[in-house]
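Remarks on the overall topology
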Amino acid sequence: MNAHHAPAQGVRPFRDMIPTPVQSFLSAALSALPALPVLPMLSILLVAGCAVGPDYDRPAPPATPTEWNAAKTRPEISPGVSGDAGRNTTVPAAPDGSGATRATVSASTPDGQWWERMGDPLLSELVATAVGHNNDALIAAANLREARAVVGVARGALLPEAAAGGSYERSRVSSNTLTGQSLEMANMPVENDLYQAGFDARWEIDIFGGARRGVEAARARQQAAEAGLSDVLLSVAAETARAYVELRGAQARLDVAERNADAQRRTLELVRLRRDVGVASDMNVLQAEAQLRRTEALVPPLRASTDASIHRLGVLCGQPPAALRDRLAPRTPLPSVPDLVPVGLPSDLLLRRPDIRRVEHELHAATADIGQREADLFPKFSLTGSYGLNSIHFSDLFRDDSRAWTIMPGVRWAIFEGGRTRAAVAALEARREATLERWRKTVLVAFEEVETSLARYAESFVERERLSRSLEAQAEATRLAKVRYAEGVDDLLTVLDAERRQLEVEEALARSRSGVLLQLVSLYKSLGGGWVEGIAGAGPDAGADPAVAPTGSEASGAASVTRTAGQAPRQ
């Protein structure tokens with residue numbers, strides 16, 4: 001028997017699961033029947049509390065780097081201050097939404113409420129609303145409540161089942177039967193009353209730990225649901241920040257298009273005046289007008305993009321798409337980029353990323369499932385008993401001589417069942433191996449996402465800087481082209497070409513500024529910042545602490561999820 005006498009992780013000793021009154025009743029019942037040798041043996045096995053199947057051990061992760069390669073090898077990334085220095089500082093929003101001038105990271109613990117560091121109160125408000133009312137978050141919270149309830153169902157299998165009842169029976173024996181004739185010859189009545197009251201109890205003793213493995217699996221799945229809720233909240237916060245940045249980025253590009261359209265209208269008016277005095281031709285007017293209409297054509301899709309972002313934010317916050325239009329329609333600058341981004345160490349990612357924790361708990365549950373199914377290969381011991389009061393007269397029902405009781409130990413062992421149990425155990429072992437590989441893949445993908453996000457975040461600063469320099473040069477070229485055109489040195493085509501190039505660079509720079517923030521959001525999401533699991537292993541009498549607690553400052557949105565979803569106390 002593959003029994004482990006040391007209790008598995010997450011499994012309490014069996015005797016601690018039995019209420020004290022039940023223990024007293026069983027001790028009295030066992031001592032009342034010393035002639036049955038099987039009962040003392042069951043008592044010994046009961047105290048031993050062994051459980052079949054493999055015990056769960058946290059798997060060794062794939063080769064974990066000691067530092068992030070992108071932060072070490074890229075000259076674009078400046079090493080920041082190690083430790084927690086600068087962690088909680090926020091950067092006020094810059095007029096152009098730029099903030100930090102280059103990517104600077106540190107090895108300190110990543111921010112919990114990372115969106116607070118972007119210096120935009122409206123963004124912080126939207127994230128708090130989203131994590132409290134988003135439909136996906138509420139679904140995950142309901143799944144967590146279900147997982148907690150399933151733990152209670154699993155724990156119930158460890159305890160005896162008892163049922164109380166009472167009955168009244170009025171019966172008559174036929175006088176044409178031997179029984180009836182015997183009663184009449186003895187001057188006994190053939191009609192009788194029967195009063196009964198009592199209770200029945202049955203207990204399948206978990207000798208080999210199958211039920212305890214079931215509790216272990218249920219608790220692991222509860223922890224997986226807690227990590228799943230953390231993962232959903234992190235995704236909701238990241239998607240809200242992304243949609244908000246996309247909104248402000250589209251508004252910034254809309255400003256660029258409208259500003260260039262105004263400049264091109266002035267150019268068109270100038271060309272028309274020059275045509276009226278015979279200096280310019282109708283061809284010049286048509287060329288200037290064509291460029292203006294082309295720039296004006298950029299405005300409708302950008303307005304549609306702003307509407308789409310507003311609608312997306314409304315749904316993320318659990319509201320109708322247009323509910324936030326009045327709050328979000330006014331144009332404001334982009335959020336700022338923090339001066340320092342704590343990224344932590346690669347080894348910390350295994351405990352911080354909720355998707356890694358979720359798969360690890362699923363691996364724990366898959367391991368416990370093997371033991372739960374393997375217990376079916378061994379005998380199952382049960383103890384059935386009843387205690388009651390029986391009397392044909394109600395007045396005598398509660399007298400001592402009306403007592404009636406039975407106690408019946410039993411054993412059942414499936415000798416032949418076509419190999420179904422062994423096949424099921426083999427299937428669960430294969431499932432555990434698949435879950436283990438899924439955990440390893442999740443870890444590797446997490447490392448990949450952080451490295452890629454760091455590289456893209458660093459390169460986005462380089463792109464923004466080069467576009468800023470390009471815009472300075474192109475703006476000067478456009479100014480000179482207009483001066484030379486006014487002096488008759490160059491033709492109008494040179495001016496229009498310079499204006500077109502300046503519009504393209506301004507559009508690209510506006511995209512790049514929002515791109516830096518989008519890469520920052522991706523980096524924070526890949527680092528797993530935002531929420532961590534609550535204290536594992538809390539008992540059923542624990543307080544109503546939420547399953548997930550935001551790190552850093554208090555997260556009103558996370559508390560709103562708990563209140564809205566009505567989470568029960570932890571199991």
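As the structure is a prediction and not an experimental result, all values here were calculated from the model.

1. Considering the overall build of the chain
What the chain contains, in helices and strands, is 15 helices and eleven strands. The buried share of the chain, reckoned over its 571 residues, is 44%. Put simply, 85% of the contacts in the chain that link residues at least 6 apart link residues at least 24 apart. Taken as a whole, the chain presents about 28,400 Å² of accessible surface, with 56% of it coming from carbon and sulfur.

2. Quick word on helix H5 (residues 135-156)
Compared with the 32 Å implied by 1.5 Å per residue over 22 residues, the 32 Å span of H5 between its first and last C-alpha is a close match. Along H5, the residues that are buried comprise Ala137, Ala140, Ala141, Leu144, Ala147, Arg148, Val151 and Ala154. Taken end-on, H5 shows its buried residues confined to a sector of 135°, consistent with a single buried face. Residues of H5 that are exposed and point more than 90 degrees away from the buried face comprise Glu146 and Val153. In this structure Asn134 caps H5, since a side-chain oxygen of it lies 2.8 Å from the backbone nitrogen of Asp136.

3. A short note on the side chain of Ser526
On the secondary structure map, Ser526 appears in helix H14 (residues 492-527). For Ser526, the residues in contact, after removing those within four places along its chain, are Leu349, Arg353, Glu449, Val450 and Ser453.

4. Brief notes about a nonpolar patch on the surface
Together, Phe199, Tyr387 and Trp405 make up a nonpolar patch on the protein surface, roughly 330 Å² of accessible area in all. Positionally, Trp405 belongs in strand E9 (residues 403-412).

5. Observations regarding the environment of Arg325
The topology assignment puts Arg325 in helix H10 (residues 325-328). When the C-alpha atoms of Arg325 and Thr306 are compared, they prove to be 10.0 Å apart, with 19 residues separating the residues in sequence. Residues within four places of Arg325 in sequence aside, it is in contact with Asp307, Ile310, His311 and Pro330.

6. Here's the deal with unusual backbone geometry
The backbone of Asn187 shows a phi angle near 55°, a positive value even though the residue is not glycine. Within the secondary structure layout, Asn187 lies in the loop between helix H6 (178-185) and strand E6 (191-205). On the basis of relative accessible area, Asn187 is assigned to the exposed category, the value being 71%.

7. With respect to the confidence of the model for the chain
Predicted confidence across the chain gives a mean pLDDT of 81, with 80% of residues reaching 70 or more. In the predicted structure, residues 533-571 sits below a pLDDT of 50 and forms 89 contacts with residues beyond four places in sequence or in another chain.

8. Details of the packing of aromatic side chains
One pass over the full model with this rule turns up nine aromatic pairs. Ring centres 5.0 Å apart and planes at 85° place the aromatic pair Tyr457 and Phe461 in the edge-to-face group. In this pair, Tyr457 and Phe461 both sit in helix H13 (residues 420-486), four residues apart, roughly one turn of the helix. Across the ring face of Tyr485, the terminal group of Arg274 is positioned such that the distance to the ring centre comes to 4.5 Å.

9. Re the sheet that holds strand E8 (residues 380-391)
In spatial order, the strands read E5-E6-E8-E9; together these four strands make up an open sheet with antiparallel pairing. At either margin of the open sheet sits one strand with a lone partner, and together these are strand E5 (161-172) and E9. Going from strand to strand, the sheet's axes swing by 20° on average, the running direction of each strand aside.

The rules behind each value
- Residues numbered from 1 in each chain as written.
- Predicted model: local features only at pLDDT ≥ 70, side-chain atom pairs only at ≥ 80, totals over all residues.
- Heavy atoms only, no water.
- Helix = DSSP H or I, 4+ residues; strand = E, 2+ residues; numbered from the N terminus.
- Buried < 20%, exposed > 50% of the residue type's maximum accessible area, 1.4 Å probe, protein only.
- Contact = heavy atoms within 4.5 Å.
- Areas by Shrake-Rupley, 256 points an atom, 1.4 Å probe, with all protein chains shown as cover.
- Expected span 1.5 Å × (residues − 1).
- Arc of directions from axis to C-beta.
- Polar contact = N/O pair within 3.5 Å; in protein donor to acceptor, adjacent residues only side chain to side chain.
- Patch = residues over 30% accessible without salt bridge, like charges linked within 9 Å, V, L, I, M, F, W, Y side chains within 5 Å.
- Salt bridge = Lys/Arg side-chain N within 4 Å of Asp/Glu carboxyl O.
- pLDDT = per-residue confidence, 0-100.
- Phe/Tyr/Trp six-rings, centres within 6.5 Å; stacked < 30°, edge-to-face > 60°.
- Lys NZ or Arg CZ within 6 Å of the ring centre and 35° of its normal.
- Pairing = 2+ DSSP bridges.
- Axes fitted to C-alpha atoms, helices over the stretch in contact; angles between N-to-C directions.

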